[in-house]
Amino acid sequence: MNSLINKQVVLGVTGGIAAYKSAELVRHLQKIGARVRVIMTPAAQEFITPLTLQALSGHPVHTELLDPQAEAAMGHIELARWADLILIAPASANFIARLCHGEGDDLLTTVCLASHCQIAVAPAMNQAMWKQTGTQENIAQLQARGVKIIGPAQGYQACGDSGPGRMEEPDILAKQAATLFDSGLLAGKKVVITAGPTREALDPVRYISNHSSGKMGYALATAAMEAGAETILISGPVNLSLPDRVEVVSVVSAQDMLAAALEAVEGADVFIAAAAVADYRPQHNADKKIKKTADDITIALTKNPDIVATIAALTNRPFTVGFAAETHNLENYARKKLLDKNLDLIIANDVSDKSIGFNSDDNQVTLVSPKQVESLPLMSKVSLAKCLIEYISTHLIA
Ligand code: PMT
């Protein structure tokens, strides 16, 4: 779909004459929305300077595995978690062999080992090196492990040869990178997602709410759209840009969210409740601002409808997924919610940890279904959303 909006790309540059094209590649990736960080191997720095790629990407280029300064800021593990895609372009024959053998003796190979995101490789080498059995076997092994190989293109080579081995052109590479997020796994399906907080009015200027930013639900909506689903996002009040090609229904209160969900869920295959819905609302919503007279006031609250449980109770209900925001005893509380709300799957996150859960860019979750419990590693909400959509699509078919 040619868009990398909100996607974080680590561009790995290895040693080869095509490294000069990486500068243009940074621009093309940014043009279609990506945030880019660059890692260069020592050999890459013989062909193009880190300064060029720093100026273009707007960030220091990462070059050393054992660099105390870099580790204090964004070290190899942070880079690995940050990435939604690692794109290695150009990828030399030597780098491909080292990636294939699981080596971790420099920054780029280590980040690849430590990451759970999609890895894509754009080979660039002499045509004879490309045709070598060793290289072809390495490429086949990487493909079998899910690494995407983009190119190489055919044509004139810097060494004077002609044949396969030229790095794919930067504009084509950027477009191909964007299509890696388009899985088609939910093509023909309809997915409804709730996101963000709800606000429960006390009077015209005050409300009860929570710290949900909507990032998790918005990432899920983008991932569902990229998987080919017709996607409706029912959003509480948040400060995020609207996702592309997603129908957004804006709501304020839990009651509004329930009404919107009941309408949207007609004919839906999947319902995902990522919103942090206020469990209670003030019994009275005053017409006029409540004046500050008494020293203490008591606010009577009444229970809000449970949106995800209401959807799960429908006849012909969609595959219904809830989230469980817990501060302790994660799996047990999640399992109780799974059963009480009659869900197909619940995604438990520990919201006591400020680096995950509410308002963070990362999350770490445990998937609890009636038959299975599976913990996923810490990753960005964008990468997690992609994993969750993949998981849901396989369980929809099963
Ligand atoms: O928005 P972010 O800042 O990115 O943060 C993400 C998140 C932490 C909000 C998200 O990952 C999350 O955990 N969402 C659910 C928060 C929550 O309300 O959890 P809960 O355990 O209170 O509710 C369980 C489930 O019931 C949730 O799916 C919730 O959407 C749903 N629910 C709850 C109450 C209610 N009245 N109606 C509901 O549908």
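Structure first, text after, so check above.
Just so it is clear, the structure is predicted and the values come from calculations on it, not from any experiment.

K.L.:
Talk me through empty space enclosed by the protein; I want residue IDs and the actual numbers.
P.N.:
Here the structure, examined in full by the defined rule, presents two cavities of 30 Å³ or more. Counted as a void, the largest cavity has a volume near 60 Å³. Surrounding the largest cavity, Phe181, Ser183, Leu185, Ala223, Glu226, Ala227, Lys386, Ile389 and Glu390 form its lining. Listing elements by their share of the lining of the largest cavity, those giving two or more residues are α10 (215-226) and α14 (381-397). The dominant element in the lining of the largest cavity, judged by the number of residues it contributes, is α14, at three residues. Tallied by class, residues from the lining of the largest cavity come to five nonpolar, one polar and three charged. When its volume is computed, the second largest cavity comes out at roughly 40 Å³. Taken together, Lys7, Phe181, Ala219, Thr222, Ala223, Glu226, Val382 and Lys386 form the lining of the second largest cavity. Looking at the lining of the second largest cavity, the elements that each hand over two or more residues are α10 and α14. Among the elements that take part in the lining of the second largest cavity, α10 stands out by supplying four residues, more than any other.

Rules of the game
- Residues numbered from 1 in each chain as written.
- Predicted model: local features only at pLDDT ≥ 70, side-chain atom pairs only at ≥ 80, totals over all residues.
- Heavy atoms only, no water.
- 1 Å grid on protein atoms, 1.4 Å probe; cavity = no way out; pocket = protein on both sides within 12 Å on 5 of 7 lines; lining within 4 Å.
- Points joined across faces, edges and corners; volume = space filled by probe spheres on them.
- Helix = DSSP H or I, 4+ residues; strand = E, 2+ residues; numbered from the N terminus.
- Nonpolar A, V, L, I, M, F, W, Y, C, P; charged D, E, K, R; others polar.

Geometric values such as these leave the question of function open.
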